[in-house]
Every structure is written in C-alpha cells, then in structure tokens.
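Fold and geometry: a report
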Amino acid sequence: MNKSNKSREILVCCGTGCVSAKADKILDALKQETKNKKINVKPTGCHGFCQEGPLVITEPDGILYSRTKTEDVKEIINSHIENNKPVERLFYHEPKTGGKIPHYKDIQFYKKQNRVILRNCGHVNPEDINEYIEKGGYRAIEKALKEMTPEKVLNMINGSSLRGLGGAGFHTGLKWRFCYNAKADEKYIICNGDEGDPGSFQDRSVFEGDPHSVIEGIIIAATTIGAKKGFIYVRAEYPLAVKRLKIALDQAQKKGFLGKNIFDSNKDFDLEIFQGAGAFVCGEETALIASIEGKRGAPRHRPPFPAESGLWGKPTLLNNVKTYASIPNIINNGVEWFTKMGTDNSKGTAIFSLTGEVANCGLVEVPMGMTLREIIYGIGGGTTDNKKFKEIQIGGPSGGCLPESLLDLPVDFDSLKEAGAMMGSGGMVVMDESTCMVDVSKYFLDFTQKESCGYCSPCRLGTKQMLDILNDIVEGKGKPEDMDLLMDLAISIKAGSLCGLGQTAPNPIITTIKYFRQEYEEHINDKLCRAKKCKALISFYINPEKCTGCHLCFTNCPENAIEGEAKKPHKIIQHKCTRCGICFEKCPPKISAIESYAGEKIRI
Amino acid sequence: MEKELNKILSSFQGKSNELIPALQQIQEELGYLPGDAMLYAAEFLNVPESTVFGVASFYAQFRFTPVGKNMIMVCKGTACHVKGAEKVLDEISRQVGIEDGETSADMQYTLESVACIGCCALAPCITINSEVHGRLNAKSIEKIFKRKKAEEKTNE
C-alpha cells in the first residue's frame, strides 16, 4: 500500500443537497471498498458547491470529484487511492474554458471566497466533537471563561463591530450589552435558526456542517450575559440539521461544555432544541419567543425589547445562527483580525446561497463589500447557458430585485438597504431574461400574504389587495392607475405594520416597479409579457413546416384543443386553448414545432 | 385513542409551553391531528381547547386530515419558481389526478406545495416521502410516477 495512504482521508459531502443526489449511498460504498484499508472515509457537512454534487474530496491532496455516482467508487479507490492516478473524468469541468480542474482550491468558485464562518464546513465530521476540537474548537469558550471577564468579552464583541447576520444588521455588541445590564433573576438565550426565506439555506448548512461552532458561540454569549438556559430554534423542515444538533448537544454535554460548572467557572448553562412548526413570521424575534412559549407566532409591539423583557418576561438575547458561529473566531483571532475584513460599516464576512439561473449554485462566503458582479460572475460563473442577466433577487420576500445597472454595488448592510433590497437571511437568486418581473413580484407577495399573521390590518388586508391587483395585471386585466395604487399600498403597509414581515413585504414590488417599470407598463397597456411567463398573455402555435404529425401533443392536450391527422401537420384550436403549455413541453426537442408568442391570443 | 395518546405524550410534563412539541409528537405518530387528539392535548396540558386549535391552525406544519401513503411535496421556493415549479406541480397533478392540497380517494397520494425544501441547486425539485427528486421536467416526472405506479401494482 502506498505510504501516503496512512493519512488518507476521503470526505463525502453529506449536506442536504448532496444527500438528495444519493451521497449517502456513495459514502456507504466507499466505506465498503476501503474496509480493510487504513483510509478514513467520513461524512462532512456542506462543501457549498451544491451544483456539482455529490462531491467527494480526497485529502491530503485536495482533489475534488464532482457529480460522483456509486458506480465511480471502485475506480476512485483502484486508480486514485491504490495507484495514485486520480480519476480525471470526474474532475470539475470548467464550463467556460472546458478545462478540467483537479484541486478544489483552484476552482474559481472556491478561490474568491473567504470561508471564515464556514471554515470547518466540509472538512470535519459534524457528528464527531473531537474533530471540531482538533480544529481548535471550544478553545474560545475556555479562553473567555478562564482568561477574560464578561466585561472584556463584551468589549471585544463591541470592538469587532459585528452586526447581526440574520438580516437586519443590528450591532451584536450593543444587544449583548443591553442584556448583560438587564437586572433579573433569570435570563435566556435563543439562537434564531428559523430560516424561512424561500431560496436560502445558509443556516441549515452551518447547522449540518459545523454545529459545534454555533453551540460554542451560544455558550460564550450565555456565560457572558449570565443566562443559564438557552434554546436553538430550528425549522422542523430541516430534519438533518435537527439530528446533527441533537448529536452535537449530547456530545458537548458529555465533554462538560454544557451543564454545570463549565470549565470550573461556577457557571451553568443548558441548551435545548426547539423545532419550529412552519411559520415565516417566527423569524421575527417576538413572534419566535411567542412560539417557544407555546403560543401562536404573532409578533408584539417593541419596546420592551427582548433584551429587557423576552421569553417568559425575562431578559433574552436573540441572535442568528451565523452571528453565534462568528463569535469563537473573534475571541480566538482578535478584533483586529476581524475588522480587517469588510467595509467601514459592515465588518467581517457574509454567507449567501447563490441560486437560480446561475452556473454555479451553492453556498458562498465572502467579505462584506464584495460587488454583486464579483459574486455572480467571479464565483457563480455567470448565468446558466450564458443567457442574458436580468436581475438578482436578494433577501427573499423582504428583499428586492436589483437590475444589471447595480451589479457593481458593494454587498453590505447599508448599500443593499439604500438600493431597496436587504441582506435578509442571505438568499441570492439570479434571474435571466426568461423571468417575468411582474410574475416574480406576484410570487413573493403571494408568499408574504399567506404568511402574514393577520395581527396588523395594513399587512393582512393590504398584501391581499396588492396581490389582487398583481393577479389582474398578469391576467391582462391591469389598469393604468394600478401602478400608483400599488405604490400607495406599499407605503401604507410599510408604515402601518408592527413587525419586519409587513414592513418589508412590499420591497419586491417597490424595487421591481422602480427598476423594471417598463415591464409593468407592457403588461398593463400592451397586454404583453416579454418573458412569455404569464399564461394569459401568450399563445401557442404549431409551425406546420416543422410538425411531423407525431400526435404527441394531440394525445396529451387536456382540452382537446389540437386537431390533425397522424403524420400531417397539426393545428391548435385557439378558442379552446388554455395555454397550459403541455403541448410545448411534450413536443420532442428535435422537432420543436410548437412556438410561443408574447401578446394576446393570436387568431388564425 | 386515549390510551394511545397517553403513551404518545408520556414524555411530556403537562406544561402549557409544551403545546407545540406535543402537537408535533402527536402528528409524528398519527400522521395528522384528529379532533379528539387536540381535545386530549388541551386537557393534558391544561390549556383552553380554543388555544390548541388556534395554535394548530396557525402553523403550516399541522394538518387536520389524514395523508396518503405517498406524500408529495412540491417545492415552490424562489429558485424552483424561477425554474418552473408551477409546471412541475401541474404535471404531477395530471399524473396522480389530484390538485394541490388534496389526497387521492384511494389514500395513495397527497399533493402539497411547500415554501422551500432548501435543495435550491437541484431546482425544480420535489420530495416524495422525504426522498428528494431534483432537476425535474415533464419527462422525468412522468418516469417517476410510472415507476411508482408499477411498484404499487407489484405490491398488490
């Protein structure tokens, strides 16, 4: 056997993305193949490059295999591990140059990132606390308890200018200070992992890939402010994250990092998991607290802020998953190290889930202040199939849609807000010319309207009104005054809502009207959807020169709206057609006889 | 029913703040929240019945009707929406003959659209009994359900 095999490790990404592409089967197969060899095959959390999953990385040589299948396992072992000949056909394929890149460090997607919070994700087995400890884990809490006073920790967090990574960007140090100063017999700490934004999965990936970094951050916060009891609020929709957190808490308990007298400090702290039951509004802190108390997740008026009166009326510290995961780094490496990253007002790094019509989908960590262009083109590799970029949606239903002209915007809390978007939980969805902006606004509003808890009338009723108007517009019944009405409603909803949901729900509409006004006007005045998304504003037509009369569209049309004899060109009976698009889907790609047109129904 | 519920809630202490985990546990065991179970939970946790129903109806996770053997969840997250989640839902609806939110009469399928299952890189995607199927189109959906139906037949 090769000498280097002694320290050989094969890492299999077992994040949700890769597991859904059968990474667990690959892990089993690798374990089976290496049963009698001195090779450590281990599951890890998300490597981030979900687009190319399932990912397998070999160490110490750092070779990345992409889109691996169980059938490839034998070859990887025989050729690479046994004979030192890496399997070239499984290397990452650079779409632009066509070149094959063996080492993950050389792949553009990783090269431009600065993985600080995600430092261990993909490199440690999340179900083994010892691996986290080997990487320097739980040293920050030891340092905080043995060498520092709470005052010193508070000053350090304050000095780092760390801002809450849940989206709003409130200064973490201040929040901790408020909670520390609050006088009470009991205090609580909560980790907000209610990542409800569609299109984002950063919190989940941190939980799944490096749960101990979050737990360590929570323990540091708790022992600093004087909380004895804490909760990790995680979505029940994330079963893998829940499972790994349970294992991690159990292991931390056994090692004495949780429980009584942590590191002989005379400080006790217990941490448990609370599974959310599916309500977007619970990402708002007061709603989340109500939910833990066993109530409907309705937000309440602030002040008093949770730092004074939170869970069961006691002072409560609430931070996002990534905020807590940043804490051990700051304690270990110092304020100066942290403040070197980022912009004047937003320090450190930010994590985004880059998805949609982008070549490299995945989880991305970059220093604050990187431009959107660098993220989309530098890391993301541009749009899928090089289609024309249209907009990037940032911050989920609370965020906004930014056009190409803003691609050089530096990404940080303040500049995003100024542009009308927000950091939100960090979802970035790239959309190309095939996306209809009115349809996208309708999509987000449909979501927020359903998720509105109903407490404030402007949010409950206003979002419904806006949705009705948008529905009219996409159905071709829009009126010229609709746009002003939408803007009026947007302003009232923002002003009259208690919590972040209502205050930000109109953002997608405001930004799309601001940056893509023309598209709204086309829908309303010309009854035209240039992206050919809005069913009422498109029509289908069979090109008689291309149609071979294969009858596929005829058989599949649910409305019997297609006529024609076998082997002769078919025809769509326009007045029967509901534009469901099935014929378009079913027509074999090499024939492509069915064409879609923007504009009102054509008459033949 | 009472005996079964007693067993399901045996690890709970009967405090009002346990309401959500208790309902989750009941649903985990029974597949949904029958009316009797909610009444039992109200008594067990000493909270008004109206509160139990208020909480259960507030959160998307809870359901009041039994589900089919195959639970199909269609992701309608942003990435999936952009990549055609609507078409995916339509196609599945055609394949299994039920609309979004319905359960088939033979209790084989329940079809539901959900906010986001977090597999955005595989968009558009669905889960069938927590198994993820990604990068779908009309053809691959047809294939999945042909196979499913064939499996059912052999099981019969």
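Residues numbered from 1 in each chain as written. Chains lettered and ligands numbered in written order. Predicted model: local features only at pLDDT ≥ 70, side-chain atom pairs only at ≥ 80, totals over all residues. Heavy atoms only, no water.

What to know about the overall build of chain B
The secondary structure content of chain B amounts to 7 helices and 4 strands. Counted from the first residue to the last, chain B has its helices and strands arranged as α-α-α-α-β-α-α-β-β-β-α. When the 156 residues of chain B are sorted by exposure, 51% land in the buried category. In chain B, once contacts between residues fewer than 6 apart in sequence are set aside, the share between residues at least 24 apart is 58%. On chain B, roughly 7700 Å² of surface is accessible, and the fraction owed to carbon and sulfur atoms is 48%. (Helix = DSSP H or I, 4+ residues; strand = E, 2+ residues; numbered from the N terminus. Buried < 20%, exposed > 50% of the residue type's maximum accessible area, 1.4 Å probe, protein only. Contact = heavy atoms within 4.5 Å. Areas by Shrake-Rupley, 256 points an atom, 1.4 Å probe, with all protein chains shown as cover.)

Some details on the overall build of chain A
Check the secondary structure of chain A and you find 24 helices and 19 strands. For chain A, whose C-alpha radius of gyration is 27 Å, the value lies close to the compact-globule estimate of 25 Å for 604 residues. In terms of overall dimensions, chain A has a C-alpha envelope of 85 × 70 × 40 Å along the principal axes. For chain A, with 604 residues in total, the buried portion stands at 60%. Excluding contacts between residues fewer than 6 apart, the proportion of contacts in chain A whose partners are at least 24 apart in sequence is 69%. In the structure as shown, chain A presents an accessible area of about 23700 Å², 50% of it carried by carbon and sulfur atoms. Across chain A, the centroid of the 80 positively charged side chains sits 3 Å from that of the 75 negatively charged ones. (Rg over C-alpha atoms; globule rule 2.2 N^0.38 Å. Lys, Arg positive; Asp, Glu negative; His and termini not counted. Charge placed at Lys NZ, Arg CZ, Asp CG, Glu CD.)

Quick notes on the pattern of salt bridges
Residue and element names in this part refer to chain A. Applying the stated criterion across every chain yields a total of 44 salt bridges over all chains. Note that E284 is salt-bridged to R302, the shortest N-O span being 4.0 Å. Residue E284 is found in the loop between strand 9 (270-276) and helix 12 (285-292), and its partner R302 is found in the loop between helix 12 and strand 10 (316-320); the two are separated by 18 residues along the sequence. Accessibility expressed as a relative area gives 12% for E284, which makes it buried. The salt bridge partner of R530 is E522, with a shortest N-O separation of 3.1 Å. (Salt bridge = Lys/Arg side-chain N within 4 Å of Asp/Glu carboxyl O.)

Quick notes on the interface of chain A and chain B
Between chain A and chain B, the contact holds 48 residues from the first and 38 residues from the second. When the two sides are added together, the surface that chain A and chain B hide from each other amounts to roughly 3400 Å², 57% of it contributed by carbon and sulfur. Three residues, A277, R296 and Y443 of chain A, lead the burial of chain A against chain B; their summed loss comes to 17% of the area buried on that side. Residue E142 of chain B is joined to K586 of chain A by a salt bridge in which the shortest nitrogen-to-oxygen separation is 2.9 Å. If you look at where chain A meets chain B, you find 16 residue pairs in polar contact (both at pLDDT 80 or more). (Buried area = accessible area lost by both parts, 1.4 Å probe. Polar contact = N/O pair within 3.5 Å; in protein donor to acceptor, adjacent residues only side chain to side chain.)

Here we look at the environment of T224 of chain A
Residue and element names in this part refer to chain A. Positionally, T224 belongs in helix 10 (residues 211-225). For T224, a relative accessible area of 5% translates into the label buried. Once you skip the residues sitting within four places of it in the chain, T224 turns out to touch P150, V153, L154, W176 and Y180.

Focus: the domain arrangement of chain A
Residue and element names in this part refer to chain A. Here the domain parsing of chain A yields domain 1 (3-111), domain 2 (129-337), domain 3 (349-432), domain 4 (437-526) and domain 5 (535-598). Each of domain 1 and domain 3 has a C-alpha centre, and the two are 28 Å apart. Counting residues at the interface gives 9 residues for domain 1, matched by 12 residues for domain 3. It is Q51, K96 and F109 in domain 1 that bury the most area against domain 3; as a group they hold 60% of the surface buried on that side. Where domain 1 packs against domain 3, one counts 0 salt bridges. At the boundary of domain 1 and domain 3, one finds 2 residue pairs in polar contact (both at pLDDT 80 or more). Among the residues forming the side of domain 1 that touches domain 3, the class breakdown is 5 nonpolar, 3 polar and 1 charged. (Domains from an automatic or database assignment. Nonpolar A, V, L, I, M, F, W, Y, C, P; charged D, E, K, R; others polar.)

Side note on the sheet that holds strand 2 (residues 109-114) of chain B
All names here are of chain B. Strands sit in the order 2-1-3-4 across an open sheet of 4 strands; the sheet is mixed. Edge positions in the sheet fall to strand 2 and strand 4 (131-133), since each has one partner strand and no second. Geometrically, the sheet is characterised by an average inter-axis angle of 25° between neighbouring strands, direction not taken into account. With 3 bridges connecting them, strand 3 (residues 126-128) and strand 4 associate as antiparallel partners. Within strand 4, the residue paired with I126 across the bridge is H133. Packing of helix 6 (residues 85-96) onto the sheet brings it into contact with strand 1 (70-75), strand 2 and strand 3, and relative to strand 1 it is tilted by some 155°. The strands that helix 7 (residues 138-155) touches are strand 1, strand 2, strand 3 and strand 4; relative to strand 2, the one it contacts most, it runs at about 150°. (Pairing = 2+ DSSP bridges. Axes fitted to C-alpha atoms, helices over the stretch in contact; angles between N-to-C directions.)

Notes on the packing of helix 8 (residues 172-181) of chain A against helix 10 of chain A
Residue and element names in this part refer to chain A. Relative to each other, helix 8 and helix 10 sit at 40°, their axes nearing to 9 Å. In terms of orientation, helix 8 lies oblique with respect to helix 10. Across the interface between the two elements, W176, C179 and Y180 of helix 8 pack against A221, T224 and I225 of helix 10. Its residues assigned to classes, the contact of helix 8 with helix 10 shows 5 nonpolar, 1 polar and no charged. (Parallel < 35°, antiparallel > 145°, perpendicular 65-115°, else oblique.)

Overview of the side chain of T16 of chain A
Counting through the fold element by element, T16 of chain A comes out in helix 1 (residues 16-20). Within polar-contact distance, the side chain of T16 of chain A engages the side chain of E208 of chain A at 2.8 Å. Excluding residues that lie within four positions of it along the chain, T16 of chain A makes contacts with R204, E208 and L240 of chain A together with C119 of chain B.

Topic: the pairing of strand 10 of chain A
The buried fraction of strand 10 of chain A amounts to 5 of the 5 residues, a majority that puts the element mostly inside the structure. Residues of strand 10 of chain A alternate between two faces, with T316, L318 and N320 of chain A on one and L317 and N319 of chain A on the opposite face, all of them buried.

Considering the sheet that holds strand 15 (residues 427-432) of chain A
Residue and element names in this part refer to chain A. Pairing is mixed across the open sheet formed by 5 strands, whose spatial order is 12-11-15-13-14. Every interior strand has two partners, whereas the edge strands, strand 12 (362-367) and strand 14 (400-403), have only one. Mean inter-strand twist for the sheet, computed between neighbouring axes without regard to direction, equals 30°. Direction of pairing for strand 11 (residues 349-356) relative to strand 15: parallel, over a ladder of 4 bridges. Looking across to strand 15, one finds that G356 is bridged to V430. Set on the sheet, helix 15 (residues 372-379) makes contact with strand 11, strand 12, strand 13 (389-394), strand 14 and strand 15; between it and strand 13 the angle comes to about 115°.

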